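Per-entry structural report
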Amino acid sequence: MATTAPLRLDVFLIDRLEVVAIAGFRRKRGDIDVDIDVQPQYLRKIDDDRHHQIVLDVRFKPAKANSAPYKGRIVGRGLFTITESLDEADVARYVLHNGSAILLGLLRAQVAQTTALARWGQFLIPPINLVDTFAKAAASSEDASKHAGGQQ
């Protein structure tokens, strides 16, 4: 029997949703070629380390002229609670890996639902490597803080 994870999604919110049909798109055989840019944020509540927030800002557009049916952006946030006592590394792993995957699935579903009635039909944001996305964001944040602090 499977056990439940010690991570609970309390609230899911969409801050922004934009979808624009690409007029020149023509459905062809083969894959849709889309560029995806994800800006993630991981926030913790200062006075209660059980509460966490993931924000994903997902932008998508055709990789080359008319290679995808839509361009757009969705920004969503998930508020999560850790329901068990865990060490800090396990908490971060659950929230970053599981929480962001849960949130991305909800955002993908919202875009799919919105485009289901749009000009070119349903569009599903391609899978995204969120582990890599958060690692790049952390490295970029470290670089920015070093630069702001005058370190080279």
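Notes on the structure follow. Small disclaimer: the values here were computed from a predicted structure and weren't measured. (Residues numbered from 1 in each chain as written. Predicted model: local features only at pLDDT ≥ 70, side-chain atom pairs only at ≥ 80, totals over all residues. Heavy atoms only, no water.)

Attention shifts here to the side chain of H52. Positionally, H52 belongs in strand β3 (residues 51–62). When its relative accessible area of 3% is taken as the criterion, H52 is described as buried. For H52, the side chain forms a polar contact with the side chain of Y42, separated by 2.9 Å. When near neighbours in sequence (up to four residues on either side) are disregarded, H52 contacts Y42, L43, R44, G78, L79, F80, I82, V91 and V95. (Helix = DSSP H or I, 4+ residues; strand = E, 2+ residues; numbered from the N terminus. Buried < 20%, exposed > 50% of the residue type's maximum accessible area, 1.4 Å probe, protein only. Polar contact = N/O pair within 3.5 Å; in protein donor to acceptor, adjacent residues only side chain to side chain. Contact = heavy atoms within 4.5 Å.)

Turning our attention to the layout of surface pockets. Where empty space is left can be seen by rolling a probe of water-molecule size over the atoms. In this model, the largest pocket occupies a volume close to 230 Å³. Taken together, I36, D37, V38, Q39, P40, I128, N129, D132, T133, K136, A137 and S140 form the lining of the largest pocket. Among the secondary structure elements, those contributing two or more residues to the lining of the largest pocket are β2 (34–44) and α2 (130–148). Taken together, the residues of the lining of the largest pocket break down into 5 nonpolar, 4 polar and 3 charged. (1 Å grid on protein atoms, 1.4 Å probe; cavity = no way out; pocket = protein on both sides within 12 Å on 5 of 7 lines; lining within 4 Å. Points joined across faces, edges and corners; volume = space filled by probe spheres on them. Nonpolar A, V, L, I, M, F, W, Y, C, P; charged D, E, K, R; others polar.)

Let's shift gears to the environment of A21. Tracing the sequence through the fold places A21 in strand β1 (residues 7–21). Spatially, the C-alpha atom of A21 lies 6.6 Å from that of R119, the residues being 98 residues apart in sequence. Once residues lying within four places of it in the same chain are set aside, the contact partners of A21 are P69, Y70, R119 and W120.

Right, let's get into the environment of D10. The residue D10 is located in strand β1 in this model. Residue classification places D10 among the partly exposed residues on the basis of a relative accessible area of 36%. Sequence separation between D10 and H51 is 41 residues; the distance between their C-alpha atoms is 9.6 Å. The residues contacting D10, other than those within four sequence positions of it, are L79, F80 and T81. A distance of 2.6 Å separates polar atoms of two side chains, one belonging to D10 and the other to R8.

Here we come to helix α1 (residues 88–115). In an α-helix, one turn spans 3.6 residues; hence positions three or four apart end up facing the same way. With 28 residues, α1 should reach 40 Å at 1.5 Å per residue; the first-to-last C-alpha distance of 39 Å fits that figure. Where α1 bends most, at G99, the angle is about 25°. Of the positions making up α1, those classed as buried are V91, V95, G99, S100, L103, L104, L107, V111, A112 and T115. The opening residue of α1, the one whose side-chain oxygen lies 3.2 Å from the backbone nitrogen of A89, is D87. (Expected span 1.5 Å × (residues − 1). Bend = angle between axes of the 7 residues up to and from the residue.)

Pairing between sheet strands relies on hydrogen bonds along the backbone, with the strands arranged either parallel or antiparallel. One open sheet accounts for 4 strands, arranged β1-β4-β3-β2; its pairing is antiparallel. If you trace the sheet from one side to the other, it starts and ends with β1 and β2, each paired once. Between one strand axis and the next, the sheet turns through 10° on average, direction left out of account. Two elements, β3 and strand β4 (residues 70–82), share 10 bridges in a ladder whose sense is antiparallel. For L56, the partnering residue across the bridge sits in β4 and is G76. Along the sheet face, α1 touches β1, β2, β3 and β4 and points at about 40° away from the line of β1. (Pairing = 2+ DSSP bridges. Axes fitted to C-alpha atoms, helices over the stretch in contact; angles between N-to-C directions.)

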